[in-house]
Amino acid sequence: MGTGPSSKETTLHHFCDPLVEYLTTGVTDVDLPGIVLQGTSDDNDHKQLVARRTGALVESMRVDGVLVSIDSWGNTHIDFAAVIEAIGKRDIPVVGLSFVGNQASFVVTNPYMDTIIDYNKTTEGVENCVMGQNTAVGLDAVKALAVLRGKIRKARPGMNFTAGPEVRLRRLIRRHYQLAGAREADGHSLRDKKLLLNPKALERAAVEHLGPADRARVKAVAVRLLRPSDRDVRVDSILDFSPLAVKIKGCPGEGVTHVLDGFTVMLAAAEEGGFQPMNIGSADGILGEHVAFGRSGTPAPEDFILSVDVLLAKGEGRTREGIMAAHRACDAASQELRPLLAALSHNQVDAVREYWDTARPGACRVALVKLISGLGCMYDTALFPEEPGGFIGARSIMELTNNMPLVISPNEYRDGVVHSLC
């Protein structure tokens, strides 16, 4: 068992994660030194090794407490429990966040798993095929930090956390452009808040970007523009939602990024013969019945959706290479539209959001550990793509660190360096 549709954190979710938003902008007396990314492993010995390294890493960060979040369950709860134990054994207060409900009871436990925030949002308490229904929301972040504060106060009685002057380190500016309308046309353009795009041209671009090996895996790509009223259409298994964003200046986590609001890219896929790629259930069927719209990782109800549906060769929906080829094709289609967004000037912007990576001396230091998929096929996560929220140029955490933990800044995280393949 691993990730199901309702508990899956999409690329869009990582782009605007409510835990990161609350810890960095919702409170002023918490110092978030970094976000620890750790892959979930297949081999049990490696699970324990990686967990111990995560425990040592957060201890070296000199934090007062840790939040550990995971978007999968079943076998990966072994990784979750091991990380919590590795941190707790170092006398660091820890709170876990996971989907549990009535279905995902822990396969292993330990004394440090005494405070778990449950992501379940359904009355039935089970995993379902509705994308985003059982993922983190702002209230989960509020509850988790409140519980962690209580554990820190109990572990460090009399300790007074008083934040001194904030030290600003690196600045990220996100310029948001609101889309007012979109339609299919003979070419691509973005003027007066209206997007024109040619689906056939995007399909050609998606295929032409692929190398020989990927072209053997991808049999066809179908692109269509879905209006906000198009929620009763049928879609294949939804693999991901991602933003349309483009880097204008600087490295990931700093400089300027343009974001097109009111527009979401959706990747769906199926194999020849009709098999739907899935983990625990497939989000294929009528779109409106398989998406909890308006969550951090799903389109808003009023969003236009660029649907990129990839037809994979038989069997390729069950291989790591086939799933990655589908993501690569989807990002190649998005890449055709990014120059339009990059060309928009600052005086056309609808909202400017300024984010600083900060240090808050004297404040309560809290680390956020994100356990991300690192098993292969649809249990995988790619890091550091060429464009925010993209996939091209990214490398799997399995290849990058063999699932060993690494630390990124909050601004790097919100600038789209994590791409979900699960």
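1. What to know about the packing of aromatic side chains
Link 1 in the chain: One pass over the structure, following the stated rule, counts two aromatic pairs.
Link 2 in the chain: When the ring of phenylalanine 80 is compared with that of phenylalanine 106, the centres are 5.9 Å apart and the planes differ by 20 degrees; the resulting orientation is stacked. Of this pair, phenylalanine 80 sits in helix H4 (residues 76–88) while phenylalanine 106 is found in the loop between strand E4 (94–98) and strand E5 (116–118), placing the two residues 26 residues apart along the sequence.
Link 3 in the chain: Residue classification places phenylalanine 106 among the partly exposed residues on the basis of a relative accessible area of 22%.
Link 4 in the chain: Directly above the aromatic system of phenylalanine 15 lies the positively charged group of arginine 174, at a separation of 4.2 Å from the ring centroid.

2. Overview of the pattern of salt bridges
Link 1 in the chain: Inspection of every chain in the model, using the stated rule, returns 28 salt bridges.
Link 2 in the chain: Between glutamate 9 and lysine 370 there is a salt bridge, with the nearest N and O atoms lying 2.9 Å from each other. Here lysine 370 lies in strand E17 (residues 364–373) and glutamate 9 lies in the segment before helix H1 (11–15), a separation of 361 residues in the sequence. Just as glutamate 9 is buried, lysine 370 falls in that class too.
Link 3 in the chain: Of the charged contacts, one joins arginine 217 and glutamate 316 as a salt bridge, the two residues approaching to 3.8 Å between their closest N and O atoms. Taken together, the residues span a long stretch of sequence, with arginine 217 in helix H7 (residues 212–217) and glutamate 316 in the loop between strand E15 (304–312) and helix H8 (320–342) at a distance of 99 residues. In this pair, the class of arginine 217 matches that of glutamate 316, namely buried.

3. With respect to the environment of serine 282
Link 1 in the chain: Within the secondary structure, serine 282 sits in the loop between strand E13 (255–271) and strand E14 (285–286).
Link 2 in the chain: Expressed as a C-alpha distance, the spacing of serine 282 and methionine 131, which sit 151 residues apart in the sequence, is 9.5 Å.
Link 3 in the chain: Aside from chain neighbours lying at most four places away, what touches serine 282 is Pro5, Cys129, Ser237, Gln276, Pro277 and His290.
Link 4 in the chain: Reaching out from serine 282, the side chain makes a polar contact with the side chain of serine 237 at a distance of 3.1 Å.
Link 5 in the chain: Within the structure, serine 282 has its side chain in polar contact with the side chain of aspartate 284 (distance 2.8 Å).

4. Some remarks on the sheet that holds strand E9 (residues 194–197)
The strands making up a sheet associate through hydrogen bonds between their backbones, and the pairing can be parallel or antiparallel.
Link 1 in the chain: Read from one edge of the open sheet, three strands run E7-E9-E8, paired in mixed fashion. This sheet does not close on itself; its edge strands, each paired only once, are strand E7 (181–184) and strand E8 (189–191). Mean inter-strand twist for the sheet, computed between neighbouring axes without regard to direction, equals 15 degrees.
Link 2 in the chain: Examined bridge by bridge, E8 and E9 share three bridges and lie antiparallel to one another. Note on E9: the bridge partner recorded for leucine 190 is leucine 195.

5. What to know about the packing of helix H3 (residues 44–60) against H4
Link 1 in the chain: Interhelical geometry of H3 versus H4 gives an angle of 35 degrees and a closest axis separation of 8 Å. For the element pair H3 and H4, the recorded crossing hand is right-handed. Residue-level inspection shows Asn44, Lys47, Gln48, Ala51, Arg52, Thr54, Gly55 and Val58 of H3 in contact with H4, the latter providing Ile78, Asp79, Ala82, Val83, Ala86 and Ile87.

6. Section: the nonpolar core
Link 1 in the chain: One finds Phe263, Leu306 and Val310 to be the most contacted residues of the largest nonpolar core, which totals 36 residues.
Link 2 in the chain: Of all the secondary-structure elements, those providing two or more residues to this core are E9, helix H6 (199–208), strand E10 (218–226), strand E12 (237–249), E13, E15 and H8.
Link 3 in the chain: Element by element, the count of residues in this core is highest for H8, at nine residues.
Link 4 in the chain: If we skip the residues at most four places from it in the chain, leucine 306 touches Leu197, Leu202, Val223, Arg224, Phe263, Thr264, Val265, Met266 and Leu337.
Link 5 in the chain: If you look at the next biggest cluster of nonpolar residues, it comprises 33 residues, including Leu19, Leu148, Leu406 and Val418.

7. What to know about the packing of H6 against H8
Link 1 in the chain: Where H6 contacts H8, the axes come no closer than 8 Å and their chain directions differ by 125 degrees. For the element pair H6 / H8, the angle class is oblique. Judged by the twist between their axes, the crossing of H6 over H8 is right-handed. Contact residues: Leu202, Ala205 and Ala206 in H6; Ala329, Ala332, Ala333, Glu336 and Leu337 in H8.

8. Here we look at helix H2 (residues 18–26)
Link 1 in the chain: Those residues of H2 lying buried are Pro18, Leu19, Val20, Leu23 and Thr24.
Link 2 in the chain: For H2, the side-chain oxygen to backbone nitrogen distance between the N-cap and leucine 19 is 2.8 Å, and the N-cap itself is aspartate 17.

9. Focus: the pairing of E12
Link 1 in the chain: The buried fraction of E12 is high, at 11 of 13 residues.
Link 2 in the chain: Where E12 and E13 come together, 10 bridges link them in antiparallel fashion. From the neighbouring strand, lysine 247 faces E13, where its bridge partner is threonine 257.
Link 3 in the chain: Taken together, E12 and the strand that follows it, E13, pair antiparallel across an intervening segment of five residues, in which glycine 250 is found at a positive phi of about 90 degrees.

Reading the values: rules and limits
- Residues numbered from 1 in each chain as written.
- Predicted model: local features only at pLDDT ≥ 70, side-chain atom pairs only at ≥ 80, totals over all residues.
- Heavy atoms only, no water.
- Phe/Tyr/Trp six-rings, centres within 6.5 Å; stacked < 30°, edge-to-face > 60°.
- Helix = DSSP H or I, 4+ residues; strand = E, 2+ residues; numbered from the N terminus.
- Buried < 20%, exposed > 50% of the residue type's maximum accessible area, 1.4 Å probe, protein only.
- Lys NZ or Arg CZ within 6 Å of the ring centre and 35° of its normal.
- Salt bridge = Lys/Arg side-chain N within 4 Å of Asp/Glu carboxyl O.
- Contact = heavy atoms within 4.5 Å.
- Polar contact = N/O pair within 3.5 Å; in protein donor to acceptor, adjacent residues only side chain to side chain.
- Pairing = 2+ DSSP bridges.
- Axes fitted to C-alpha atoms, helices over the stretch in contact; angles between N-to-C directions.
- Left-handed = near helix turned anticlockwise from the far one by under 90°.
- Core = buried A, V, L, I, M, F, W, Y, C linked by side-chain atoms within 4.5 Å.
- Parallel < 35°, antiparallel > 145°, perpendicular 65-115°, else oblique.

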